[in-house]
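Structure assessment
Residues per chain are reported as follows:
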Amino acid sequence: EIVGKTAEEVLTGGSPKEAVSRAANKNVLDFCQNCRELTYDLVSETTVVQPLAKADGGFATMMSLLGMCEIRRRPYVLVVQAKLCDGLMARITAAAREEQMELCREAFLRVRRQLGGKSFFNSNSSHLGSDGSESGLSAPESEDGKRLRAGRLRTKREHFAARGHRRESLLLTPAHGRLPAFSFYSERLQDHCLLSNSGATATRREMDELPTGCLVFSARPVPSTPRGLSFSIRIDSVVEKFEGLPLMGFTRRRPADQPDLFPVVSTCLGMSALIGRGSKGHAPG
């Protein structure tokens, strides 16, 4: 039913043009285009709220979460939809939207794991066993339902190699000696974030359209030196449309895969000291 249709037609089902968000359509198109780029190792999930024309002639307001799922060297966009309410242009509270967003994300991650398309950097290896095996890869079952012993589970590297994963940088570990000492936390990203260079480079999607949506944390604490805490960055490219960026600093918050990881306004990040926006300092409590 979706072959030959545009992303807008799939997500809205032919809803009236005046009820469809053009900004959301641009976000979806940009997301899909970046999923095809080999330059980026990770593309964060994004969500849009759009009307959907139902088969009975009515309309519903839907939330759609889009995420990249790569299988056998081919990128796919996996879409999870949730009904927010009936009707066009319905008003949704921020709390209700946040709740549905988390439910959609949980469903997306669950389906991606089942498809074998889980992809992330090894900055957090708590999901792996001591031998590097992945809990989602299990031994086969016999006809009577009993688990068979298959010697050992395939390691994560062997699993992705068998499936033909094209982004080899995702399979590296610090033991390979090719990962940089620094990388960004990747278990949860803001919805306009792109990671490349083995997680050491962050890029904002729709960079000419939006100045937000790409707040990132380092995956590990900043190492202490005799001179104190310090870090350096390299800026590879800039856009001239926005001023006062990038915004940088230190935080005592440990990044974790939780809904409250990112503040609504970056300068309101708790337990942090930031500088930017015209050399202004920000130190919320």
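Let me begin by describing the structure that accompanies this report. What you see as residue numbers is a count from 1 along each chain, following the sequence as written. With the structure being a predicted model, the display of local features is reserved for residues of pLDDT at least 70 and the display and counting of side-chain atom pairs for 80 or more, all residues being used for whole-chain, interface and lining totals. Note that the side-chain values use all heavy atoms of the structure and ignore hydrogens as well as water.

Turning our eyes to something else, we now look at the environment of Glu8. Helix and strand definitions here come from DSSP, where helices need a minimum of 4 consecutive H or I residues and strands a minimum of 2 consecutive E residues; each element is numbered from the N-terminal end. Relative to the helices and strands, Glu8 is located in helix α1 (residues 7-12). Separated by 20 residues in the primary sequence, Glu8 and Val28 have C-alpha atoms spaced 8.2 Å apart. The criterion used for residue contact is that any of the two residues' heavy atoms lie within 4.5 Å. Leaving out residues up to four positions away in the same chain, Glu8 has contacts with Gly13, Lys17, Val20 and Asn25. Polar contacts here mean pairs of N or O atoms no more than 3.5 Å apart (in protein, one a potential hydrogen donor and the other a potential acceptor; neighbouring residues in sequence count only if both atoms are side-chain atoms). Separated by 3.4 Å, the side chains of Glu8 and Asn25 make a polar contact.

Let's shift gears to unusual backbone geometry. Here the phi dihedral of Asn197 falls at roughly 55 degrees; this positive angle occurs in a residue that is not glycine. With a phi close to 50 degrees, Met271 is a non-glycine residue in the positive phi region. Structurally, the position occupied by Met271 is in the loop between β9 (248-251) and β10 (272-276).

To continue, consider the pairing of strand β5 (residues 193-196). Two faces make up the sheet, and in a regular strand the side chains alternate between them. Of the two faces of β5, both are covered, the one formed by Cys193 and Leu195 as well as the one formed by Leu194 and Ser196. Relative to β5, strand β1 (residues 42-43) is paired through two bridges, and the arrangement is antiparallel. Residue pairing in the sheet places Val43 in a bridge with Leu194 of β5. Bridging between β5 and strand β6 (residues 201-204) involves four bridges; their strand directions are antiparallel. Each residue of the ladder has a partner; that of Leu195, found in β6, is Ala202. Think of it this way: DSSP has to see at least two bridges between two strands before they count as a pair. Counted between consecutive antiparallel strands, the loop separating β5 from β6 contains four residues, among which Asn197 sits at a positive phi close to 55 degrees. A 1.4 Å probe rolled over the protein chains alone gives each residue an accessible area, and that area as a share of the maximum for its type sets the label: buried under 20%, exposed over 50%, partly exposed in between.

Once that is clear, we can look at the pattern of salt bridges. Should a side-chain nitrogen of Lys or Arg be within 4 Å of a carboxyl oxygen of Asp or Glu, the pair is scored as a salt bridge. Under the defined criterion, the tally for this structure stands at ten salt bridges. The shortest N-O distance in the salt bridge between Arg105 and Asp257 comes to 3.0 Å. Note that Arg105 is positioned in helix α3 (residues 94-115) and Asp257 in the loop between β9 and β10, a separation of 152 residues in sequence. Asp257 sits in the partly exposed class, given a relative accessible area of 35%. With a closest N to O distance of 2.7 Å, Asp257 and Arg188 form a salt bridge. A residue pair is termed long-range when its members are at least 10 positions apart, and Asp257 in the loop between β9 and β10 and Arg188 in the loop between α4 (156-163) and β5 qualify at 69 residues.

With antiparallel pairing, the three strands of this open sheet are ordered in space as β9-β10-β11. Bordering the open sheet on either side are β9 and β11 (280-282), each of which pairs with just one other strand. Within the sheet, the average angular offset between the axes of one strand and its neighbour, ignoring direction, is 10 degrees. Examined bridge by bridge, β10 and β11 share three bridges and lie antiparallel to one another. When the bridges of β11 are listed, Gly276 appears paired with Lys280. All axes here are fitted lines through C-alpha atoms, helices being fitted over the stretch that makes contact, and every angle between N-to-C directions spans 0 to 180 degrees.

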